[in-house]
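Structural overview for review
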Amino acid sequence: MAEAADFQETPPSPAGRRLRGTASVIVGLPLLAGLLGGPAAASAQAAPKAPSGSHTVDVSLNTVAPSAPVKGDKLTVSGTVVNKSRQPVADAEVDLRVGPRLIGRTGIDRAAERTGYSSAADGAPVGDEFTVKLPKLAPGISRDFSLTVPVSELNLGEDGVYQLGVSLSGRTPGARYGDVLGIERTFLPWQPEALEKPEKTRLTYLWPLISSTHLTSETRSDKEQSPVLEDESLAAELAPEGRLGQMVSLGRDLPVTWVIDPDLLSTVNAMTGAYEVKRGDDTVAGKNQDVAMRWLSDLQSAVKGRKVIALPFADPDLASLAHRGKNVPGSLGHLQQATEVAESTVETIIHEKPSTDFAWPVEGAIDSSIVDVATSAGADKVIARSDSLRDDLNYTASAARPIGGGTTAVVADSRLSKAFQGSMLNSGASTLAIQKFLAQTLAVTLQNTDEQRSLVVAPQRMPTVSQAQSMARALSGLKTQHWTQPMDLIDAAAFEPDAGATTRVPSAAEYPDRLRRQELPVQAFQDIQRTQEALDKFTVILTQMDRVETPFGRAIDREMSTSWRGHRAEAQQYRSSVRENLQVLTGEVQLIKKSQITLSGQSATIPITVQNRLVQDVDHLVLRLSSDNASRLSLDDKGMAEQPIKVKGGHSQSVKFDALAHVNGQVRMTAQLYTEDNEPYGPEMQFTVKVSEITPTVMLVIAGGVLLLVLAGVRMYTQRKRAAAQEQAAKDSAPEDGDSGETDADDADGESGEDGPPAAEASPEDADGPDHGQASDPKPDTGPESGNPSGPGEKVDR
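Remarks on the overall build of the protein chain
Counting secondary structure elements, the protein chain contains 22 helices and 29 strands. Counting across all 798 residues of the protein chain, residues that qualify as buried make up 43%. Contacts spanning at least 24 positions in sequence make up 77% of the contacts within the protein chain whose residues lie at least 6 apart.

Here's the deal with the packing of helix H9 (residues 318-325) against helix H11 (residues 368-376)
Look at H9 against H11: their axes get within 8 Å of each other, and the N-to-C directions meet at 110°. When the axis of H9 is compared with that of H11, the two are roughly perpendicular. With respect to the hand of their crossing, H9 and H11 are arranged in right-handed fashion. Here Leu 318, Ala 319, Leu 321, Ala 322 and His 323 of H9 come into contact with H11, specifically with Ser 369, Ile 370, Val 373 and Ala 374.

Structural notes on the sheet that holds strand S17 (residues 400-402)
The strand order across the open sheet formed by 4 strands is S15-S16-S18-S17, and the pairing between neighbours is mixed. The open sheet has two free edges, formed respectively by strand S15 (358-359) and S17, since each of these has just one partner strand. As paired elements, strand S16 (residues 381-385) and strand S18 (residues 408-412) share 5 bridges and run parallel to each other. For Ala 384, the partnering residue across the bridge sits in S18 and is Val 411.

Details of the pattern of salt bridges
For side chains bearing opposite charge, pairing can occur when the charged atoms are close. Enumeration over the complete set of coordinates arrives at 31 salt bridges. Of the charged contacts, one joins Glu 93 and Lys 133 as a salt bridge, the two residues approaching to 2.9 Å between their closest N and O atoms. Here Glu 93 is found in strand S3 (residues 90-102), whereas its partner Lys 133 is found in strand S4 (residues 132-133), with 40 residues between them in sequence. The exposure class of Glu 93 is partly exposed, given its relative accessible area of 23%. As a salt-bridge pair, Lys 278 and Glu 218 come within 3.5 Å of each other at their nearest N and O atoms.

Observations concerning the pairing of strand S28 (residues 665-675)
Most of S28 is tucked away, with 8 of its 11 residues classed as buried. Relative to S28, strand S24 (residues 618-627) runs antiparallel, the two being bridged by 7 bridges. Residue pairing for S28: Ser 626 is matched across the bridge by Thr 670. Relative to strand S29 (residues 680-692), S28 runs antiparallel, the two sharing 9 bridges. Paired with Thr 670 across the bridge in S29 is Gln 686. Joining the antiparallel neighbours S28 and S29 is a turn of 4 residues, in which Asn 678 adopts a positive phi near 70°.

Describing the confidence of the model for the protein chain
This prediction gives the protein chain a mean pLDDT of 84; 82% of its residues lie at or above 70. Of the regions scoring below 50 in pLDDT, residues 1-46 engages in 4 contacts with residues more than four places distant in sequence or in other chains.

A word on a nonpolar patch on the surface
On the surface, a nonpolar cluster with roughly 480 Å² of combined accessible area is contributed by Leu 707, Leu 708, Val 710, Leu 711 and Val 714. In this structure, Leu 707 sits in helix H20 (residues 696-733).

Quick word on H9
The element H9 is largely enclosed, with a buried count of 6 among its 8 residues. Every buried residue of H9 is listed here: Leu 318, Ala 319, Ser 320, Leu 321, Ala 322 and Gly 325. Put simply, Asp 317 is the residue that caps the front of H9, since its side-chain oxygen is 3.3 Å from the backbone nitrogen of Ala 319.

Some details on the side chain of Thr 445
Tracing the backbone through its elements, the reader meets Thr 445 in helix H13 (residues 427-445). Within the structure, Thr 445 has its side chain in polar contact with the backbone oxygen of Trp 483 (distance 3.1 Å).

Some points on the packing of aromatic side chains
By the definition in use, this model includes 5 aromatic pairs. Ring plane angle 65° and centroid distance 6.1 Å describe the contact between Tyr 205 and Phe 437, whose orientation is recorded as edge-to-face. Within this pair, whereas Tyr 205 is found in strand S8 (residues 201-209), its partner Phe 437 is found in helix H13, the two being separated by 232 residues in sequence. You can call Phe 437 buried: its relative accessible area is 1%. Between Trp 564 and Tyr 574, the ring centres sit 5.5 Å apart and the planes meet at 40°, which makes this aromatic pair tilted. Here the residue Trp 564 occupies a position in the loop between helix H18 (546-558) and helix H19 (568-586), and Tyr 574 occupies one in helix H19, the gap between them amounting to 10 residues.

Thoughts on the packing of helix H17 (residues 522-539) against H18
Relative to each other, H17 and H18 sit at 175°, their axes nearing to 11 Å. Considering the angle they form, H17 stands roughly antiparallel to H18. In contact with Ile 528, Thr 531, Gln 532, Leu 535, Phe 538 and Thr 539 of H17, H18 contributes Val 548, Glu 549, Phe 552, Gly 553 and Ile 556. Across the contact of H17 with H18, the residue classes tally to 6 nonpolar, 4 polar and 1 charged.

Some words on the sheet that holds strand S10 (residues 227-229)
Reading across from one edge, S9-S10-S12-S13 is the order of the 4 strands in this open sheet, with mixed pairing throughout. Edge positions in the sheet fall to strand S9 (215-219) and strand S13 (282-285), since each has one partner strand and no second. Sheet twist, expressed as the average angle between the axes of neighbouring strands with direction ignored, equals 40°. In this sheet, S10 lies alongside S9 in antiparallel orientation, the contact comprising 2 bridges. Paired with Thr 219 across the bridge in S10 is Pro 227.

Observations concerning unusual backbone geometry
The residue after Ala 65, namely Pro 66, is reached through a cis peptide bond having omega -5°. Relative to the helices and strands, Pro 66 resides in the loop between strand S1 (57-65) and strand S2 (74-83). Positioned with a positive phi, Asn 155 is a non-glycine residue whose angle comes to about 55°. Tracing the backbone shows Asn 155 in the loop between strand S5 (142-150) and strand S6 (160-171). Given a relative accessible area of 68%, Asn 155 falls into the exposed group. Its identity as a non-glycine residue notwithstanding, His 620 has a phi of 60°, on the positive side.

So, how was this worked out
Residues numbered from 1 in each chain as written. Predicted model: local features only at pLDDT ≥ 70, side-chain atom pairs only at ≥ 80, totals over all residues. Heavy atoms only, no water. Helix = DSSP H or I, 4+ residues; strand = E, 2+ residues; numbered from the N terminus. Buried < 20%, exposed > 50% of the residue type's maximum accessible area, 1.4 Å probe, protein only. Contact = heavy atoms within 4.5 Å. Axes fitted to C-alpha atoms, helices over the stretch in contact; angles between N-to-C directions. Parallel < 35°, antiparallel > 145°, perpendicular 65-115°, else oblique. Left-handed = near helix turned anticlockwise from the far one by under 90°. Pairing = 2+ DSSP bridges. Salt bridge = Lys/Arg side-chain N within 4 Å of Asp/Glu carboxyl O. pLDDT = per-residue confidence, 0-100. Patch = residues over 30% accessible without salt bridge, like charges linked within 9 Å, V, L, I, M, F, W, Y side chains within 5 Å. Areas by Shrake-Rupley, 256 points an atom, 1.4 Å probe, with all protein chains shown as cover. Polar contact = N/O pair within 3.5 Å; in protein donor to acceptor, adjacent residues only side chain to side chain. Phe/Tyr/Trp six-rings, centres within 6.5 Å; stacked < 30°, edge-to-face > 60°. Nonpolar A, V, L, I, M, F, W, Y, C, P; charged D, E, K, R; others polar.

Quick look at the structure:
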């Protein structure tokens, strides 16, 4: 009601005002139709028949205290009455009625199904002095009441369960006498004397700490790997007034067995440090560290020294796995991993060593395939429910019984396990559920059997706040009673089984269709397997694989969670997000794209660059480069070459491959990373190499140039050698020591005669002439050219 009041006080938005105006028009249409349509229209719009008889007034019970009275107590019953009719009720009075003692659990069920008033079954009022008179009740008007009666006035007999009724009697206009116009029934367990200890029923109540999936597979790249949550809804559950906050605070003082999903503890533990929360395509810093730390501290205190059951990590859906996923390769391996990590996770966080021997299928519904899957990961005890594993007995058998293969079924009582399902927000609904729960437990104890029995209660996996509070009130009512004795689940599993209890496990065909329709599809397990394969290929190249293997491995476990039942679209979205996050990480190690390159020459190196944008080093990679035309361009004299790769975090590394060209043209090259076990890593990278090989014509030109250089060198050598020989000959023909130079001159002159001057003479003008070199010039390698034909053996420059 507070929420409704808040809503009413909020000013309506423009859209709200338009909606309100539209609603007014719609509300007015029936009236207009009635005016225009006449009697026929009015008949069609006739209101439903008003309640009458014992349904005229609605009676609800808010409290019954004490819930299980003993001798000397006073019983107080409070509640509310509402006139549901269109007429006022006069002379209204509320009476307490005690019906007959109910026989067995079936008698309780039949009494709960009855409606209306029966003088024979509901009994007479306790007494006029305990009647509460009320003012006249106008239509729609409610009144609260409270009446107190000493237990001694109830005339209760032997131990058992009695029907307790609260009725309203009154008179409507036109009635001559008063009548019972409304009644509400509940149950009053009565066991005034304490039973001997051997006769008490051993009661085991499971107290589940389970939540839906909140943690993603993403982590930040900082050293602590700050986790990323889908939202902050878990913080609301952990708050003192939240669902999980209430479960811990209520369970602290109750005789219960804690059943915990390790994933919940892991997520809350992650929230105690720095974490982030998704907001659209971005993330923001989480701010509920204090809430998480307080909840964990309270839980550690509550479970200290208590028996704790750890489910496999993320509470996998065993039925879905058995019916849809068992034949998908690797699926059962995920259950094995989830079981192995459960114990260490729970013990590390709450400092209590849990038992991992129990499997808990959804609603305790089992068949042979579910049992096989449940026990494949090491559990040898399966929590079933009595509406799945039915006994053909006239009493309630003990919970534990062997079902073959060394497996024990712990069969929870169906009536008690479902006692607090549905909304418990209304105090009347909660009170009725509590009284019926207590009545059923007493009825079990009073069944005609000489053997002490064990009774197990396995409630819904995720009780609401009101459901948890109702369960706690019921267990608190049993704490001071005499017909039950608390026992933990481990002892209940070891309890002596009844000889007549069934041990036949239902077939797969007997599994409820309602539950089968909620299972994860085969596609879900195929998606999980593909993600696992991608993770395996990725982690083998990492030098710190735990930074990736742990968050993604646990995320894959969450993809199999029981909490996805009824949320198929959300489950698919979560699986897709895990796969996409992994693809982003694997894509951080990649080959840098290359455009077309040109290879000039017969041999060269081709560089390939590998980039690592992870924060950790990668190793155990092989880079393989191949040519699609080795006859045109080969690598290491083959069509393929490879080199090992190791790249530091945040760096790139170039690898060079030797290539040899043979023929001109384009060649397509393919670069691909592989893991050391020859599995491809990432997409291949293709590029084109244009080979420009040296042609024969170019080779001839180059060879001719080289030959000319060689010949020029030979010519220079020959000319120098000839000049040296001439100089030596000139020295040999010169006058010897003591000879007269003049004689030679005279001889020369005499020989010349009229032919001209001596050859050795030259005028100064001749020295400067263009046909003679200067004194500092070197001597030419050859004499002046002649136009006459060459003599034999002479080299001529052309």
